[in-house]
Amino acid sequence: MDLGVSAGDPTADLTAGDPAGDPTCDPAVGDPTCDPAAGDPTCDPAGDPTCDPTAADPTTGDPTTANPTAGDPTTGDPTSDDPTAGRDPLLFLQALQTRWPTKELQQLREEAWQGFAALDDPLTGLLDMLEGGRTGGGQGRSLQAWVACELQRWLQAQPLSLRLAPGSPQLGQLQARAAGVLAGSPLSLTELLVSIFRLQDADRSLLLDHIDRLHERGKFKEAILLSTKLKLQPELDLEKMSTPLLLQNKMNLVERYVDGFPDLQRKLLVLMDSWCQPGFDIRDVARRFPTLTAARLEKLSPKPLSRQVLWLLGRCGMDPALCSNVINQQHLGTLQYLCYKRFVEGSLSQENWADHVRDLVGQSEWLQDRLLQLLASHCGVAMTARCALDLSLPEGRLPATVANELSRLRLQERMVQAGRSLEKPSCKDRSSYYQLPIAREDICFLATWEDLARHGPELLQPGGVVGVDLEWRPLFQAARRPCASLVQLAVEGRVLLLDVPRLAQPPGGRGAQALSQLLGQLFSDLSITKLGYGMAGDLRSLGASCPTLADAEKQMRGVLDLQQVHRQMRLAGVPGPVVDAAGAPRGLSLLVQQVLGKPLDKAEQLSNWDLRPLREEQLIYAATDAYCLLEVYRVLCQDPARFHLSMNLAKSLGPRRSSRSGAQEPPGRQEAPPSPQQVPAAVDEGAAPEVSAKDFHVVCDSMLQGLARSLRCLGVDVRVLGAGEDHRRAAEIARLEGRIILTSGLPYHKLQAQVGAGRCLSVDCSLKAREQARAVLRHFNVRVTLSDVFSRCQVCNCDQYLKVSKDMMKHLMQLNGHHEDPSGMGEGADVALPVPGPQRVERGVCGDRQPSSELPGEETTPREDRQGTGSAPEPAPRDCAYDPPCRWLEASDLQTITPATLGNGTRLQLAGVPAGVLWRPGQWPFYCCTGCGKVFWEGSHLGRLTAHFHEVLETPPPQLL
């Protein structure tokens, strides 16, 4: 047999095209013939050598034992009486097709190898089979991919000396024909053809034509994946290739497409930034692709798209100037926040406000105009003119009235400079705030290693107590981690302020070494009690400034985080003072007020801590923040019962390395907790009339997804705003549908004014979702019974389920190719769906009514969700009394069986149901949501949920055996 053009083609070299191995057996490429989870057991890597790159000889799995001239791999006889020998390749394919449904793999493989050896030209024969079998449908394509995979292995066993040289006419002819076959091939077969015929080395024009044809046919994903594999990116139009994928929210594919090509990365950033310009409508772009049925335009609204651009900008290390629209919008958001803090909340001084705004606006005329609009909406002409003077805004851009007032202010300044007296502004009365009880000379600013050596011993006294706090310049965006500017260490009668930027530079210098040594020794000494408030976030910023202290959080010993103590106080219902919500104390300031009687003055909190020298107000503020920890700790230790705490606060001491450290009270978020009005414990719970869970209707903003899921689990009707949806939409929904608004942060004050009294609640974001849910239910006096639990889908809020028998679920899974049928039933067999009826359901602690796919932000993941396909059967659920009122799914309810689609068009999400759940003993049902198609099953989640919410449930939780 001539192997020059046929069997001995160098295109059969698996490692030549892909040094990592054979991509055709990578389950990630989407080839069902090589994915054991896709319903075809012929390529199960656990029991079938057809997907093993080393299994050239199917009888031994050893490529070195294969006879290169053998037709039958078991006998080495090329003259065996195979019925397909020497015949047309299409007849060979038909012969294999008759055996394909039986899945007798060994016999099928032997027949295939005999046929390869008998063909006059195996590679040409493969192309004949692919061209002649294009109309075969799903089963035919699966067989074609298997044949191509087997031919690849057979060719691998042939002598290397008989391979065609790259660039030979014969190879070029085969590549040209293979490129034509690509036009009608699925992605899995495309990968095989690229590898077998070495198309990465073929004529580029052939490949580019194929990419264009894929694009014209709407195969956008296939086009970008193939062009990425063949490295055709520089020769293709970026906007044309990436736009359809971006519209479908397939950003990961676009990132892979531009990876390694800086010019393309810049073009992509410019393209996405152009979509963020004011007034741009992404629907205009979507109209250019009428065949695009899976467009997800809500993901391309300005806010989520800007986040993607910023993330990609940081990942690629590109110049932010490429994304002027996104950066301007980001700065505008920061300006709005700063104006709120200055003119609404009043918590930011004019000096600090002007310092931040000056850096943000710079010389940008667009931002200057937006700033003037913000000032006009927040304050009068006089204050606007004062701000324009402080910021040195161009007078030509100011309104006439503001320009006149600015001229008057400048005249006043000249009079002051001439020595004329003007009335000095009165100093702020600080008597209502906590006062630092030590003298100014006891605040020491340490900026050299000599300073550390002189004062360090004061901190390292065995049995001592040290208050620890850090300050850094606020970034206002989540683009990068803040770097610590100041470390405050307080001991009895003294506060040491460590100048981190000066001490840490140069890296490895004497100052950096002394800083690392002092703090490392302090943090690791178990005999010294370290007090903090949200220390984990403080230590991360310290590690960003001083890399040698990056692991400081792991080295901490003898730590008491007062934020955890404060959380226990709030959960125990310790009342907070009644103050104005807009200027309410929060975080450490609230704790100081509850314990010591007066809050902290936080006017300098958002100041620029990188400035040197620091102003006197900043020094006092920094020292106060650290020293107050000592006094709070002293009072709590003297009378813990007054604050509903344990008699021994030292029990809370210990390293808190992460939220999985094993401590009973997990560390909280580092953001400052909200005002006491957000804590429902301060509200008289008996004042609200009782309402049942099914009659309680709320709307949550997009930042409270976890709370929404927890409330839905308890039967509450919850609508959630979409990503990027304006907060004002919550007020519209509340008015139209009679819902309560649940929100947090700045939107609360705006939304509260748009709805009736008691119709808007600000949620404490420092609490976990379950704790938030309990607080909301207590606040509105909501009655929850066991029948309410899981009466709504926690994903889509639908309250209509269909009960699916176990047998029907097995058949649906098999027909949709999600799990192997243990009975050996072949793919595509004609199976009648079982008729559901009354069944004995094993009672158990049921309620793993968890989505079939893991939910983002879920605090606990059921065991079913963590199992993969092929996992061991899970134990059957134990006793419970859970039987939701829903009817059985019948065959007539299905619009189509493959894919399994309900009559209302909802497709059942079967892919997330693990095999281990299907094969548990017992005849218990599944439940499918008619709104989103999520599949749920019985397990232990009900017991866990009722245990978490036993305080608000009328029925006691079931007893776990």
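Note that the coordinates shown come from a computational prediction; the quantities given were computed from them, not determined experimentally.

### A word on the pairing of strand β13 (residues 801-804)
Every second residue of β13 is oriented toward a common face, with Tyr801 and Lys803 on one face and Leu802 and Val804 on the other, all of them buried. Two elements, β13 and strand β16 (residues 926-929), share 4 bridges in a ladder whose sense is antiparallel. Bridge pairing in β16 links Leu802 to Cys928.

### Considering the sheet that holds strand β8 (residues 697-700)
Adjacent strands of a sheet form backbone hydrogen bonds with each other and so pair up, either parallel or antiparallel. An order of β9-β8-β10-β11 is seen for the 4 strands of this open sheet, with the pairing classed as parallel. On the outer flanks of this sheet lie β9 (717-720) and β11 (760-762), each paired with one strand and no other. Between one strand axis and the next, the sheet turns by 25 degrees as a mean value, whatever way the strands run. Looking at chain direction, β8 and strand β10 (residues 740-743) are connected through 3 bridges and run parallel. In the strand pairing of β10, Val699 is matched with Ile741. Lying on the sheet, helix α29 (residues 705-713) is in contact with β8, β9 and β10; it crosses β9 at an angle near 160 degrees.

### Section: the nonpolar core
Counting 79 residues, the largest nonpolar core has Val147, Phe197 and Leu268 as the members making the most contacts within it. With 9 residues, helix α6 (residues 137-156) is the single largest residue contributor to this core. Counting 37 residues, the second-largest nonpolar core is a separate cluster that includes Ile438, Ala490, Met569 and Tyr633.

### Concerning the pattern of salt bridges
Counted by the stated rule, this structure contains 31 salt bridges. Measuring nitrogen to oxygen at the nearest pair gives 3.5 Å for the salt bridge that ties Glu351 to Arg615. With a gap of 264 residues between them, Glu351 in helix α17 (residues 350-361) and Arg615 in the loop between α27 (588-596) and α28 (616-638) connect regions that are remote in the sequence. The closest approach of N and O atoms between Glu617 and Arg615, which form a salt bridge, is 3.6 Å. Taken together, the shared-partner salt bridges in this structure form one network comprising Asp717, Arg719, Glu737, Arg739, Arg792 and Asp799.

### Remarks on the packing of helix α13 (residues 262-274) against helix α15 (residues 302-316)
Where α13 contacts α15, the axes come no closer than 10 Å and their chain directions differ by 160 degrees. Taken together, the axis directions place α13 and α15 in an arrangement best described as roughly antiparallel. Crossing handedness for the pair α13 and α15: left-handed. In contact with Gln265, Leu268, Leu269, Met272 and Asp273 of α13, α15 contributes Leu305, Gln308, Val309, Leu312, Leu313 and Cys316.

### Some words on the packing of aromatic side chains
Enumeration according to the criterion identifies 9 aromatic pairs in this entry. Taking 5.5 Å as the distance between ring centres and 70 degrees as the angle between the ring planes, the aromatic pair formed by Phe343 and Trp353 counts as edge-to-face. Of this pair, Phe343 sits in helix α16 (residues 324-345) while Trp353 sits in helix α17, placing them 10 residues apart in sequence. Given a relative accessible area of 19%, Phe343 falls into the buried group. For the ring pair Tyr801 and Phe936, a centre distance of 6.0 Å and an interplane angle of 85 degrees mean the geometry is edge-to-face. Of this pair, Tyr801 sits in strand β13 while Phe936 sits in strand β17 (residues 935-937), placing them 135 residues apart in sequence. There is no split in this pair, since Tyr801 and Phe936 are both buried. These aromatic residues form a ring-pair network of at least three members: Phe92, Phe116 and Trp154. In this arrangement the basic side chain of Arg510 is found over the ring face of Trp449, its NZ or CZ atom lying 3.7 Å from the centre.

### Focus on the environment of Gly912
Mapped onto the elements, Gly912 comes out in the loop between β15 (901-902) and α35 (915-918). Separated by 22 residues in sequence, Gly912 and Lys934 have C-alpha atoms that sit 8.7 Å apart.

### Side note on the sheet that holds β13
The strand order across the open sheet formed by 3 strands is β13-β16-β17, and the pairing between neighbours is antiparallel. Among the strands making up the open sheet, the edge pair consists of β13 and β17. Averaged over neighbouring strand pairs, the angle between their axes works out to 30 degrees when direction is ignored.

### Notes on α28
Spanning 23 residues, α28 covers 33 Å between terminal C-alpha atoms, matching the ideal 33 Å at 1.5 Å per step. Of all the bends found along α28, the most pronounced is centred on Asp625 and spans about 25 degrees. Counting buried positions along α28 yields 17 of 23 residues, so the element is predominantly enclosed.

Quick notes on the rules
Residues numbered from 1 in each chain as written. Predicted model: local features only at pLDDT ≥ 70, side-chain atom pairs only at ≥ 80, totals over all residues. Heavy atoms only, no water. Buried < 20%, exposed > 50% of the residue type's maximum accessible area, 1.4 Å probe, protein only. Helix = DSSP H or I, 4+ residues; strand = E, 2+ residues; numbered from the N terminus. Pairing = 2+ DSSP bridges. Axes fitted to C-alpha atoms, helices over the stretch in contact; angles between N-to-C directions. Contact = heavy atoms within 4.5 Å. Core = buried A, V, L, I, M, F, W, Y, C linked by side-chain atoms within 4.5 Å. Salt bridge = Lys/Arg side-chain N within 4 Å of Asp/Glu carboxyl O. Parallel < 35°, antiparallel > 145°, perpendicular 65-115°, else oblique. Left-handed = near helix turned anticlockwise from the far one by under 90°. Phe/Tyr/Trp six-rings, centres within 6.5 Å; stacked < 30°, edge-to-face > 60°. Lys NZ or Arg CZ within 6 Å of the ring centre and 35° of its normal. Expected span 1.5 Å × (residues − 1). Bend = angle between axes of the 7 residues up to and from the residue.

In short, shape yes, function no, at least from these values alone.
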